[in-house]
Amino acid sequence: MEMRSPLGRIRGLGSTNDGIGHWWLQRVTGIALVPLMIWFVFSAIGLAGADINAFKTWVGTSGNPVLLSLLIFTMFHHGQLGLQVVVEDYIHSELTKLGLLIAIKFSAIIFGGYSIYAVMRLTFGG
Amino acid sequence: MASRNRPLSPHIQVYKPQLTSVLSITHRMTGVALAFGAFLLANWVISATYGPEAFAMAQGLLASWFGRLVLFGMTLSLFFHLGNGIRHLAWDIGKGFELPQVRRSGILVLAFTVIMTLITWVMAYSVAGGS
């Protein structure tokens with residue numbers, strides 16, 4: 001049932017109806033990041049001062065490429081969702097807001113995609 | 001989009017900072033910091049595909065005093081955001097809303113942040129040998 005008044009609707013006030021999906025994904029990615037980040041921090045400690053060979057060996061070891069790719073995907077996804085909320089809360093100029101939201105989404109996808117591609121290359125050589 | 005000037009509720013600057021409000025804004029600030037950290041992580045992994053010199057340079061930057069300062073900030077931010085994120089998840093399922101509980105869980109998150117950060121850096125220095 002439509003709860004808004006016709007005047008409120010025509011002015012574009014109220015929900016855009018995609019809030020629940022965003023809220024839910026932010027929680028799901030957050031939960032996934034708990035074990036992934038703890039795994040990453042304690043793995044990264046062992047890589048302090050490592051040279052490229054030690055790094056490649058670590059990246060390519062058993063489950064590491066999968067975990068690292070999942071971490072990168074989930075981290076950029078969660079980060080994009082979070083930055084989106086921050087921009088929506090504090091930027092009130094419609095054009096700047098749209099520009100920032102698109103820039104954030106693009107950079108998350110580009111850097112996330114590029115680093116997962118890098119993990120694959122480091123794992124399979126080349 | 002907004003049409004007329006509507007009355008606004010009093011904004012944050014009229015309130016005295018409290019543990020609850022300070023931790024709330026810290027969650028947001030650490031989240032933004034960690035989003036930048038994500039790009040650092042990406043650059044670190046990507047640098048290895050550009051060969052030994054590029055990776056050595058990335059490692060060198062991270063090991064410099066400034067790099068260590070940034071990484072220390074990232075470690076603090078990460079463990080705070082992780083601990084406080086779990087606190088938020090508890091609230092999401094309706095747990096821990098009583099004021100004494102909110103206070104206790106807030107202090108617990110701060111303790112978790114400090115302890116985990118210390119453990120991480122003690123381990124890092126014992127691996128890298130303090131160099």
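From a predicted model like this one, the values you see are computed outputs, not experimental measurements. (Residues numbered from 1 in each chain as written. Chains lettered and ligands numbered in written order. Predicted model: local features only at pLDDT ≥ 70, side-chain atom pairs only at ≥ 80, totals over all residues.)

Draft legend 1. Just the overall build of chain B, in detail. Assigned secondary structure in chain B consists of four helices and zero strands. Element order for chain B, N to C, with α for helix and β for strand: α-α-α-α. Computed over its C-alpha atoms, the radius of gyration of chain B comes to 20 Å, more than 25% above the 14 Å expected for a compact globule of 131 residues. Viewed in the frame of its principal axes, chain B has a C-alpha envelope of about 60 × 40 × 30 Å. Split into buried and exposed, the 131 residues of chain B put 24% on the buried side. When contacts within chain B are restricted to residue pairs at least 6 apart in sequence, those whose partners lie at least 24 apart make up 71%. (Helix = DSSP H or I, 4+ residues; strand = E, 2+ residues; numbered from the N terminus. Rg over C-alpha atoms; globule rule 2.2 N^0.38 Å. Buried ≥ 20, exposed ≤ 12 C-beta atoms within 10 Å, placed from the backbone. Contact = placed C-beta atoms within 7 Å.)

Draft legend 2. The arrangement of the overall build of chain A in detail. In terms of helices and strands, chain A carries five helices and zero strands. Taken against the 2.2 N^0.38 rule, which gives 14 Å for 126 residues, the C-alpha radius of gyration of chain A at 20 Å runs more than 25% over that of a compact globule. Judged by the C-alpha coordinates and their principal axes, chain A covers about 65 × 25 × 25 Å. Counting the 126 residues in chain A, one finds 21% classified as buried. Long-range pairs, those at least 24 residues apart, make up 72% of the contacts in chain A between residues at least 6 apart in sequence.

Draft legend 3. A look at helix H3 (residues 52-60) of chain A. Residues of H3 of chain A that are buried include every one of Ile52, Phe55 and Val59 of chain A, and no others. Here the buried residues of H3 of chain A occupy an arc of 60 degrees about the axis, which is enough to place them on one side. Residues of H3 of chain A that are exposed and angled more than 90 degrees away from the buried face: Asn53, Ala54 and Thr57 of chain A. Looking at the buried residues of H3 of chain A, the elements they touch are helix H4 (64-90) and helix H5 (94-124) of chain A together with helix H2 (52-63) of chain B. Directly beyond the C-terminal end of H3 of chain A, a positive phi value near 25 degrees is found at Ser62 of chain A. (Arc of directions from axis to C-beta.)

Draft legend 4. Looking closely at unusual backbone geometry. Look at Ser62 of chain A: it is not a glycine, yet its phi comes out positive at around 25 degrees. Looking at the secondary structure, you find Ser62 of chain A in the loop between H3 and H4.

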